[in-house]
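# Coordinates in review
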Amino acid sequence: MTVPHGRAVNEESHIASACSLMILSALSCSSGTEAEQDIAETSAVQQTVPESVPETEEPDYLASSLPETDLAGESIRLIGRSGSGGRINFPEDTFTGEAVNDALYTRNEELTKRYNVKIVNNSIDQLNDLMTLTSAAITAGDDAYEAIFADMADTARTLTLNSLLIDYSTVPYVDLSQHWWSKYNGDLSIGGKLFFPTGVITPQYFSALFLMLFNRQLADDYGIEDLYEVALEGNWTLDKMRSVMESATLDLNGDGKMDLDDRWSLVYDEVAGYAFYFGVGGKMTEFDEEGMPYLDIGTDQVIDLVEHLRSIVGDKEKCLRGEDYYKNAEQTVFKEGRALLVANTLHLVRTVYREMENDYGFLPMPKYDENQKEYLSYAQPWSGTGVAIPITNTKLGDTGLILEAMAYLSDSYVRDSMFETTYKEKLARDERTARILDIIADGARFDLNVFFNWGNSAATLRDAVMGNNTNYASSYAKIQKTTDKTIEKLCETIREMGKHE
């Protein structure tokens, strides 16, 4: 598959055991306040050269690869969801002493000085308001905004399906093969067209990452081996997770049944089934020779994989799904020290778990087995932000230049403040956590079916993994025809879009 400008996607090959031959390689909905950081510390972070930039990288990409353009005070108007529950895509109009805000502000100031441009941020608190406002403006032919920073799933379903966005293959200067854009953006293309890529240009890229935490006190109490070393040696697998879960469940109140007052081996939220499935190399969406999506999730191999996951993750005697009791019940159970493991997004480390009494450690999602080369993660599309360009954009070249420069600078400013400082230094309770977080961020991937949930097929597979659907094969067979028709309708929309370009 190719991405805009004909550059090859950096696809990874992931190997599993004989049982996993079925596997092909392929941001929850709110964030809390970021860790406070004084301005002096922020300044020091901003001057740090990110480790993620290869030594062979040109020292100044902006000077060597982008034009030195004077935009004569032109405004690049951005609109996006920012400010809701600590969600941040845009900075305040000044330094505040908060690390992420000040990093974004400094990044934009550098863009302003280098290109003589004015970055205008329009922050919208609620997602529905953002979708309504942008859809109405574009439909009316109003060129009110040059780019939209919005939740990826809703951008896909609302703006893409209504043919309101520009394909990035037509956007000058944006190079999606660069490491400051997600290497899995190609998984979001439809018919070779990509409408809402993501990467470190937005802090929400990190908040969307799915991972696991383990209660270190409980692990010590049960004599469980050092799970950090297990993970770093590449041995955090489904079998290993099953083994450490064996002795952790306990009926604390002695009523003869497991409920919210007891101790659990594993707790998770309503969408964690996606993370476990993708973590073992599972994939939902495939692409034909035209680049159009199709599903191949009714095979015997996929059915066997789902059943294997269900035997571990869907064991209701050991695993608690929060929504089976009340929304986010799993957060309370883990925070109160009554769960060995939790699977959720990284933003909850900031918003919920950072103040918990018991110490905790970080883990990637488990591999299928030790033959799987790399850990894979899942990027939550309801927290993750994509950057979309409306079809009403009248200054595409200038927009592409500023977005590429913004993404490049974000690899230092945003990564350092959001990831290095806020997560690693403020939240990590062991230096090895930093290495685990790098692994998680590097393996985060997407799948279009999670965005669109064609014919309810994604939710059907997810629920089966978590034990809420005990006959996946039958359930999927019932909806397969409807699912295929829904996908074909999308493909026709994309084909029609191509005819009018």
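Read on for an overview of the structure. Keep in mind that what you see is a predicted model, and the values were worked out from it rather than measured.

### Focus on unusual backbone geometry
What you tend to see is this: most non-glycine residues have negative phi, and most peptide bonds are trans. The phi torsion at Ala-72 lies on the positive side, around 55°, for a residue other than glycine. Assignment of secondary structure puts Ala-72 in the loop between helix H2 (61-65) and strand E3 (74-81). On the basis of relative accessibility, which here comes to 65%, the residue Ala-72 falls in the exposed class. With a phi close to 75°, Tyr-173 is a non-glycine residue in the positive phi region. You can see Tyr-173 is positioned in the loop between helix H5 (152-160) and helix H6 (204-207). Residue Tyr-173 is classed as partly exposed on the basis of its relative accessible area, which comes to 38%.

### Points about H5
With respect to burial, H5 is a largely interior element, 7 of its 9 residues being buried. Buried within H5 are the following residues: Met-152, Ala-153, Asp-154, Thr-155, Ala-156, Leu-159 and Thr-160.

### Quick word on the pairing of strand E7 (residues 264-268)
Counting buried positions along E7 yields 5 of 5 residues, so the element is predominantly enclosed. As judged from the 4 bridges shared by E7 and strand E11 (residues 339-345), these two strands associate in the parallel manner. Paired with Trp-264 across the strands is Ala-339, a residue of E11. Pairing analysis gives 3 bridges linking E7 to strand E10 (residues 319-321), with the strands arranged parallel. Within E10, the position partnered with Leu-266 by the bridge is Cys-319.

### Description of the nonpolar core
Formed by 165 residues in total, the largest nonpolar core has its most connected members in Trp-236, Phe-276 and Leu-341. Here this core takes 14 residues from helix H14 (residues 396-425), the largest share from any one element.

### Looking at the sheet that holds strand E4 (residues 117-124)
Within a beta sheet, neighbouring strands are joined by backbone hydrogen bonds and run either parallel or antiparallel to one another. On the basis of which strands lie adjacent, the open sheet formed by 4 strands has the order E4-E3-E5-E14 and mixed pairing. Either end of the sheet is taken by a strand with one partner, and the two such strands are E4 and strand E14 (385-388). Taken pair by pair, the neighbouring strands of this sheet meet at an average axis angle of 20°, ignoring direction. Sheet topology note: the E3/E4 ladder contains 8 bridges and is parallel. Among the inter-strand pairings, Glu-74 is bridged to a residue of E4, identified as Val-117. Here H14 sits on the sheet in contact with E3, E4, strand E5 (147-151) and E14, set at roughly 60° to E3.

Each value, and the rule that gives it
Residues numbered from 1 in each chain as written. Predicted model: local features only at pLDDT ≥ 70, side-chain atom pairs only at ≥ 80, totals over all residues. Heavy atoms only, no water. Helix = DSSP H or I, 4+ residues; strand = E, 2+ residues; numbered from the N terminus. Buried < 20%, exposed > 50% of the residue type's maximum accessible area, 1.4 Å probe, protein only. Pairing = 2+ DSSP bridges. Core = buried A, V, L, I, M, F, W, Y, C linked by side-chain atoms within 4.5 Å. Axes fitted to C-alpha atoms, helices over the stretch in contact; angles between N-to-C directions. Contact = heavy atoms within 4.5 Å.

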